Each structure stands twice: as C-alpha cells, then as structure tokens.
Amino acid sequence: MAKGIMIVAEQREGALRKISLELASTARKLADAGGDEVSAILLGSGVESLAAELGKYGVDKVFVGEDAALEPYVTEAHAEVTAKIIKENDPAAVLFGASVQGKDLSARVAAKLATGLATDCTDVKIDGGKLTCTRPMYAGKCFGEVEISASPQMASLRPNVFPAVENAKAGAVTKVDVKVEAQKSKVLEVQKDTSGKVDLTEANAIVSGGRGLKGPEGFAILEELAAVLGGTVGASRAAVDAGWREQKDQVGQTGKVVSPNLYVACGISGAIQHLAGMSSSKYIVAINKDEEAPIFAKADYGVVDDLFKVVPALTGACKKLIG
Amino acid sequence: MNIIACVKQVPDTEAQIKVKADGSGIEEGQIKWVMNPYDEYGVEEALRLKEKNGGDVTVVCVGQARAMETIRTALAMGADKGVHVSDPALDNADAYVTASALAAVIKDLPHDIIFCGQRAIDDDSGQVGAMLAELLGLPQLTLVTKLEYTGSSVKVIRPIEGAQLSIETALPCVVTAQKGLNEPRYASLPGIMKAKKKPVDVKDAAALGIATEVKAKVAKTVPPPARPPGKIICGDEPEQKADELARLLREEAKVI
C-alpha cells in the first residue's frame, strides 16, 4: 500500500534551491493531515550535508544519491535514479518543483512510472490519501482541479506560491546505491548570468514595462525601481518583440508565468495574453496614462498618470520608506 | 535527415476563455484555433534543418477533426507529409495518452530529430516532449533556444534560472522548442496550394494499439479566483500619487 509523501529536492552547486524548502513544507502539511511520513530524494555529488536543511523544513527521511554523473543535472541520469527510489519506496504522492529542472525531470519520471502528473500547481490538498491539485490552465485564464488515477500521484508545485516554514524533523540520511549508465547527453558549459538578477519566476517583486516605455532606454527607470524593491525587471510581449528587452524577460502566455508578491506594470495596456501571465501575483500595481487600459481591471492599486514622472517619484518614496 | 515535428491545435493567445457552467471544460464556440505557438518554432527549425541538410519533415498531430487545419498549416510552411491521430476516445487525452499516441506513430517512422513545443498554451502541462522521449527511449533536450546540428549530434542552448546551459546530445533525440529558437515563417500562397495535395495519414487509437484511459484527469474546470476591486490613487501631482502608492504598499499591502 502506497504511503507517505515524497519530494524531489533540487540543488545547484551544493546549495538547495528555495523551491526545495517550499516542497518540504508543503509535503509536511499534507503528511500531517494523515499522520504520514515525509521523505525526500536528493541527488548530486557531495550533497549529503544538505539533508539537515531539508530536515529543518519537515523532512523525516532523505534518500541521498551521490555520483559524479549526477552533477551537473542531466535528465536521463536523474530520471533513472529518481524513478528507482520512488519505485522501491512506494509513496502515495511525489512532489517536484515546477522549475526548469523539475519540469524536465518530473514528466520523464511520470512516463517511466506510467503515472499521471499535474504540472505547475498553485494548490494541493489531500483527503483520505487522494490528492487534488489545482493548477492554472490557458496561463491562468482558468484553473483545473486534477486527480491522478495511477500510483504514485505526482505533482509539480509552482515556485514562490507555497510558503517555506521551519518545522524540524530528523532529516535522517539513507544512502542510495547509484549506478548510472553512460549518458547520451553531456553538459558542455554552464554560462551564468552575472547580472545578479533573480529569475522572474523566483522574484518577490517584478517591475514590468510595455509599449508605454517608448524604447529600450525607458527601462532604466524601471531598473532603478526594481533595485530599490529588490526585484527584477520584466516586459510585455510588445516590448520584447520590438527588441527592447530579451526574450527571457517576457511575462505572459508565450513568456513566463509569474507569481511575485508585488507586480508593478508600467505602460502596459494589459493584453489578455499578458494578464494571463501575471494575474496570480499577490499585489498588482498599474501605472498607465490611459485610464481605459484593461490592466486597471486587474490592479489592486492604479495610478493614472505619466509613468516617466510616477516611477522615479515612486522609487524615491520607496527608498525613503525602506531606508 | 528524417525530422518529425509534433503539433497541437490550441485556442489563439487572444482568446477569452469561458468555463462551462457545469465545470466540465471550456466553451469552444467563439474560439479561433491556431497552431500552438511553441510548436511553430519546432516546425520552423525542422524546415531549416531540412533546407540545409536535405531530408524529410513529417508532421504528427493528435487532435480532433478540426486539427487537420493545423497539419495543413505546417504542410503549407513546407513540411512534406502528415499523420493525424484522430479519435473521439482521445478528445480528453492527458499528456501520457498523447505521448503514447505520438510514440506509437513515431516508432514506425525513421527519425533523427523529433521536435515538440516546450508546452502547449492550452493545458500548459509541458510534459509531452519529455514523456515522448522516455517512451521512445531517447534523450531529451527541453526549452531549447538555439540548435546546431553537427552530423551525428546536436548542440543546444537551454536557459535555466539564472544561467544557460550548452548541451550536446547524440541523435536521435527529442527537442522541445522555446521562444527565441527562430522566427517562424508564414505559409506562402503557393505553399498553401501545394499543401492541399500533400499526403496525410489518419489513424485512430485502435490502429495504434494504445490505451486511451487518462492517468491525470481534470475533474473540474473553474474560473480564476476573482480579485477584489482595486483602488485608483488620487492626487494632483504625480509625486503625490507616488507617495500615496508607496504608503499603501508599505502599510496596507505590506509588500515593501
């Protein structure tokens, strides 16, 4: 009988990703409802010491698989080891992060285990061992409640949505024998973004610009506001297609779907495909001189005025408050 | 080269999505159907590889009868032939069933590279490419923004959070296309005329010998949670409005 909740932790270069703690806390909450155990899979090279941190966030038992072939992440090697650990331990549910790596891995593992997977969930509940996953579809234009009829029930959780809460458990380490076959894929190079910017999907605050910025140089004032808020600058499709910003900055149905605490939309009219990508933000601010702009219908706070005056003033006001 | 491009028909990004009153899905009446934008990047990349290296591009699509339009669009762009998996039993297919259908078609076709979109913009699952790779026992390269074919392998760029990876993989493999990979062409008028005569093989689930029972079921579809009505911040000068906004973000929303 399948039992317990298992998470697949994610680490990079010997540090846990924040999503791993969000997974641990969420799994703890689900497990406590049924008096179940939380276990974690942690793969890499020289990562055993990270098990204690998972324990701090509610994990009872950590399956640690170490091998040079598991670092950096390569899909097939991680999928093979992950599926093997899941099979041997038969959890009722397995949670992944809906990060780039988690999405890449979870779908492959689901196919290996011939089970179902709900991607990018914003809510998960468990009742009598039955998992119900709520997830945005059509980039958030509607939501689906997904049930999984095969075992284990698998879901990936959207980063930045589930709180990471300390709840100390043992985090006891079980070493797993890892035998990785020769891989067909090889990572040739990891080129780090040296700007120090947090990725949009992980940012707590996003300041986004659209056509109203009038050109790439307009984004300078958004960069200043983002720096004060400790956030990242995003862009609408119009701004990206015009070549003002890079593709990776695009928020929307054909870009990134984001859920920061604060989303400040500057000079963005609010095309439906943009709204779809940011409407799960906790607080939305719209700054636009067109009071008819659809973005105001989604905004918690709206300012109808010239963004080139409002944004620098807002940067100054926030700087004073934050100190 | 034998290249496969998987495509899906989805509602246009500008489509308003209305949930059916009984929560059983979405109202399809007013929707304009298009090729999934991420699949367009896959088709375009397939065509560029063929143009440079010679070969053949086959489009494979799982979808209702109307999805034939999407296959014809890919053929009009320049693909050579199509396979349409169409069966009412697959109308509510999940990622696993869809990947099984694609795998059943593709295993019998010669294939060096298989392209999928990184996700379909309807259900946003982003699973099919990876599942297809697993079912065919091939390596996968997901979210690819640049691809270089060396003759026996591909070298790709895939962005991850805060970095980008350069990866080399032996062929055959599955590649999922991300925006940035290329700029898809429009179908030309002669292309559209030619597409009408290109062969499309139609198959059902029985012909493929696949199980159609889903593993992940959307039990209920619901509208997004309503947001409370917002406040428009008043003031005479932009500076005043900015001060008031900063105060509300600090004291009311507590986000700064």
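Residues numbered from 1 in each chain as written. Chains lettered and ligands numbered in written order. Predicted model: local features only at pLDDT ≥ 70, side-chain atom pairs only at ≥ 80, totals over all residues.

Description of the overall build of chain A
A tally of regular secondary structure across chain A gives 8 helices and 18 strands. Relative to the compact-globule value of 20 Å for 323 residues, chain A shows a C-alpha radius of gyration of 21 Å, a close match. Dimensions along the principal axes, computed over C-alpha positions, put chain A at roughly 60 × 45 × 40 Å. Burial analysis of chain A (323 residues in total) assigns 60% to the buried set. Considering only intrachain contacts with a sequence separation of at least 6, the fraction spanning at least 24 residues in chain A is 65%. (Helix = DSSP H or I, 4+ residues; strand = E, 2+ residues; numbered from the N terminus. Rg over C-alpha atoms; globule rule 2.2 N^0.38 Å. Buried ≥ 20, exposed ≤ 12 C-beta atoms within 10 Å, placed from the backbone. Contact = placed C-beta atoms within 7 Å.)

A closer look at the overall build of chain B
Of the regular secondary structure elements, chain B holds 7 helices and 14 strands. Counting only C-alpha atoms and orienting by the principal axes, one finds that chain B spans roughly 65 × 45 × 40 Å. By residue count, 51% of the 256 residues in chain B fall in the buried class. Sequence separation of 24 or more characterises 71% of the internal contacts of chain B that already satisfy a separation of 6 or more.

Considering the domain arrangement of chain B
Annotation of chain B at the domain level lists domain 1 (2–208) and domain 2 (226–256). Spacing between the C-alpha centres of domain 1 of chain B and domain 2 of chain B amounts to 45 Å. (Domains from an automatic or database assignment.)

As for the domain arrangement of chain A
Residue and element names in this part refer to chain A. One can read the domain layout of chain A as domain 1 (5–176) and domain 2 (200–322). Every contact between the two is made by 11 residues of domain 1 and, on the other side, 10 residues of domain 2. Looking at side-chain class alone, the side of domain 1 that touches domain 2 contains 5 nonpolar, 3 polar and 3 charged residues. (Nonpolar A, V, L, I, M, F, W, Y, C, P; charged D, E, K, R; others polar.)

Notes on helix H1 (residues 18–33) of chain A
Residues and elements named next belong to chain A. Helix length check: H1, at 16 residues, gives a terminal C-alpha distance of 24 Å against a target of 22 Å (1.5 Å per residue), a fit within 8%. Residues Ile19, Ser20, Leu21, Glu22, Leu23, Ala24, Ser25, Thr26, Ala27, Arg28, Leu30 and Ala31 constitute the buried set of H1. Where H1 ends, the next residue or the one after it, Gly35, has phi of about 60°, a positive value. (Expected span 1.5 Å × (residues − 1).)

Quick notes on the pairing of strand E14 (residues 205–209) of chain A
All names here are of chain A. Along E14, 5 of the 5 residues are buried, which leaves the element largely enclosed by surrounding structure. Burial of E14 is two-sided: the residues Ala205, Val207 and Gly209 facing one way and the residues Ile206 and Ser208 facing the other way are all buried. Two strands pair when backbone bridges link them, and E14 and strand E16 (residues 262–266) are joined in this way by 5 bridges, in the parallel orientation. Along E16, the bridge assignment pairs Ser208 with Ala265. Relative to strand E15 (residues 232–235), E14 runs parallel, the two sharing 4 bridges. For Ser208, the partnering residue across the bridge sits in E15 and is Gly234. Read as a crossover between parallel neighbours, the route from E14 over helix H5 (residues 220–229) to E15 is right-handed. (Pairing = 2+ DSSP bridges. Right-handed = clockwise from strand over helix to strand, strands pointing away.)

Looking at the nonpolar core
Among the nonpolar cores identified, the biggest contains 129 residues, and Ala40 and Leu42 of chain A together with Ala5, Met131 and Leu132 of chain B are the most heavily contacted of them. The element best represented in this core is helix H3 (residues 95–106) of chain B, accounting for 9 residues. Leaving out residues up to four positions away in the same chain, Met131 of chain B has contacts with Ala107, Ala110 and Ala111 of chain A together with Ala95, Tyr96 and Ala99 of chain B. Core analysis: the next-biggest nonpolar cluster, separate from the first, contains 66 residues, Leu200, Leu213, Leu275 and Val303 of chain A among them. (Core = buried A, V, L, I, M, F, W, Y, C linked by C-beta atoms within 7 Å.)

A short note on the pairing of strand E5 (residues 61–66) of chain A
Residues and elements named next belong to chain A. Here E5 lies mainly inside the structure; 5 of its 6 residues are buried. The sheet contact formed by strand E4 (residues 38–44) and E5 spans 6 bridges and is parallel. Counterpart to Ile41 in the pairing with E5 is Phe63. With helix H2 (residues 51–56) bridging E4 and its parallel neighbour E5, the resulting β-α-β unit is right-handed. Sheet topology note: the E5/strand E12 (residues 172–176) ladder contains 5 bridges and is parallel. When the sheet's bridge partners are listed, Val62 is paired in E12 with Val173.

Points about the interface of chain B and chain A
A common way to report how large an interface is uses the accessible area buried once the components associate. Taken residue by residue, the interface counts 69 residues in chain B and 76 residues in chain A. Among the elements that make up the side of chain B that touches chain A, the one with the highest residue count is helix H7 (residues 238–251) of chain B (10 residues). Classifying every residue of the side of chain B that touches chain A by side-chain character gives 37 nonpolar, 14 polar and 18 charged. Examined bridge by bridge, strand E10 (residues 142–148) of chain A and strand E13 (residues 216–222) of chain B share 6 bridges and lie antiparallel to one another. Considered in E13 of chain B, the bridge of Glu145 of chain A is made with Lys220 of chain B.

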